[in-house]
Every structure is written in C-alpha cells, then in structure tokens.
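Spelled out from the first residue to the last, the chains are:
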Amino acid sequence: MVRPVVGLTTGVVTDQPLDLAAHEAAVADRRAGAVVSFQGVVRDHDHGRSVTLLEYEGHPTAEAVLREVAAEIAADPDVYAVAVSHRIGRLEIGDAALVAAVSTAHRAAAFAACARLVDEVKARLPIWKRQVFADGTEEWVNCP
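Presented here is a report on the structure given in the accompanying data block. Quick caveat: nothing in here was measured; it's all calculated off a predicted structure.

### Some words on the pairing of strand β9 (residues 138-141)
And then number 1: As paired strands, strand β8 (residues 127-133) and β9 are joined by four bridges and run antiparallel to one another. Residue pairing in the sheet places K129 in a bridge with V141 of β9.
And then number 2: Counting the residues between successive antiparallel strands, the hairpin from β8 to β9 contains four residues, one of them, G136, with a positive phi of roughly 90 degrees.

Following this line, the structure appears as structure tokens:
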C-alpha cells in the first residue's frame, strides 16, 4: 500500500494499491477541524456498458504534474495539508484509482479544496485510461 509521508504536501503516482486512511493521516493537523477525502474507485460500468477492468498508463511527467497540482491547492491559505495519489497499471473493479485528502480549519473550505484538487488532477494529469468491456472491446478515455 502506498502511504504518503505524514506532514507533507504529497503527490504520488504508483502501481501499488492506494490507502485512503494513510492519506487522511498524512494531512492530520492539530489546527484542522476538517479532513475531507475522496476515493475514485473502478466501477463495473460506463455509459451503459459493462466494464471488466481498467488499465492506466502515465507519462513520465505524471508525478511532477500531480505534485504541482497538490502544491497549488496547498498554497491556499485555508489549506493545512494535501495528499494525493493516482494508480497506474491494471486495476480491477473496486480498486481505488485516485485517492485525495485535504485538511483545513473548517468543513466548507475542506470540501472546496478537495473538489478543486480532484478536478485539477482529472483535468491536467497525463495519465491515460483504457477501459476493457465485457464484450471484449476496449477504448481509451479521459486523455488530457
């Protein structure tokens, strides 16, 4: 399991399973009244088609981009800490593909920061997703 380093703003791209609790622990701060986390999980369908697995491929700059996005979110004066990781490689139904956590003093700021973090990662991260469908067909999607 990938476990972010506690107390740092982190961004990790890995082929290892992601640990939501470790991300939440990584953003723990005595000043924080809120920790909001997100876990993007591989589902068994997309647009009415049955999905059997996903495979993610990352550009060599993917981790640098992820860290850049995390640093931008962490630069918000309301944010105490940020941890975010994205998997690459073959993922099965139910596996976490993206895990993020943010801590702030108050819940509204934490929800907003975590939403911005996930949206920016989805928009900018150079990681490509191949979906394999139950009928044997496949497609590449979400390529930034």
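### Topic: the packing of aromatic side chains
And then number 1: Evaluated as defined, the whole model comprises zero aromatic pairs.
And then number 2: Over the ring of Y80 we find R31; its NZ or CZ atom is 3.9 Å from the centre of that ring.
And then number 3: One residue, R49, lies across the ring of F133, its end atom 3.7 Å from the ring centre.

### So, the nonpolar core
And then number 1: If you look at the biggest cluster of nonpolar residues, it comprises 30 residues, and the most contacted ones within it are V82, V84, V102, L117, V121 and L125.
And then number 2: Every element with two or more residues in this core is listed here: β2 (34-41), β4 (49-58), α2 (62-74), β5 (79-87), β7 (96-104), α3 (107-124) and β8.
And then number 3: Apart from residues lying up to four places away in sequence, V102 is in contact with V27, A34, V35, V36, V79, A81, V82, A110, A113, C114 and L117.
And then number 4: Of all hydrophobic cores here, the second largest spans five residues; its members include A26, V27, A81 and A101.

### A short note on α3
And then number 1: Helix length check: α3 (18 residues) gives 26 Å between terminal C-alpha atoms against 26 Å at 1.5 Å per residue, within 8%.
And then number 2: Within α3 the residues assigned to the buried category are A110, A113, C114, L117, V118 and V121. Buried residues of α3 fall within an arc of 130 degrees about the axis and therefore sit on the same side. Every exposed residue of α3 that faces more than 90 degrees away from the buried side is listed here: A108, F111, D119 and K122.
And then number 3: Residues of α3 that are buried make contact with β2, α2, β5 and β7.

Analysis parameters
- Residues numbered from 1 in each chain as written.
- Predicted model: local features only at pLDDT ≥ 70, side-chain atom pairs only at ≥ 80, totals over all residues.
- Heavy atoms only, no water.
- Pairing = 2+ DSSP bridges.
- Helix = DSSP H or I, 4+ residues; strand = E, 2+ residues; numbered from the N terminus.
- Phe/Tyr/Trp six-rings, centres within 6.5 Å; stacked < 30°, edge-to-face > 60°.
- Lys NZ or Arg CZ within 6 Å of the ring centre and 35° of its normal.
- Core = buried A, V, L, I, M, F, W, Y, C linked by side-chain atoms within 4.5 Å.
- Buried < 20%, exposed > 50% of the residue type's maximum accessible area, 1.4 Å probe, protein only.
- Contact = heavy atoms within 4.5 Å.
- Expected span 1.5 Å × (residues − 1).
- Arc of directions from axis to C-beta.

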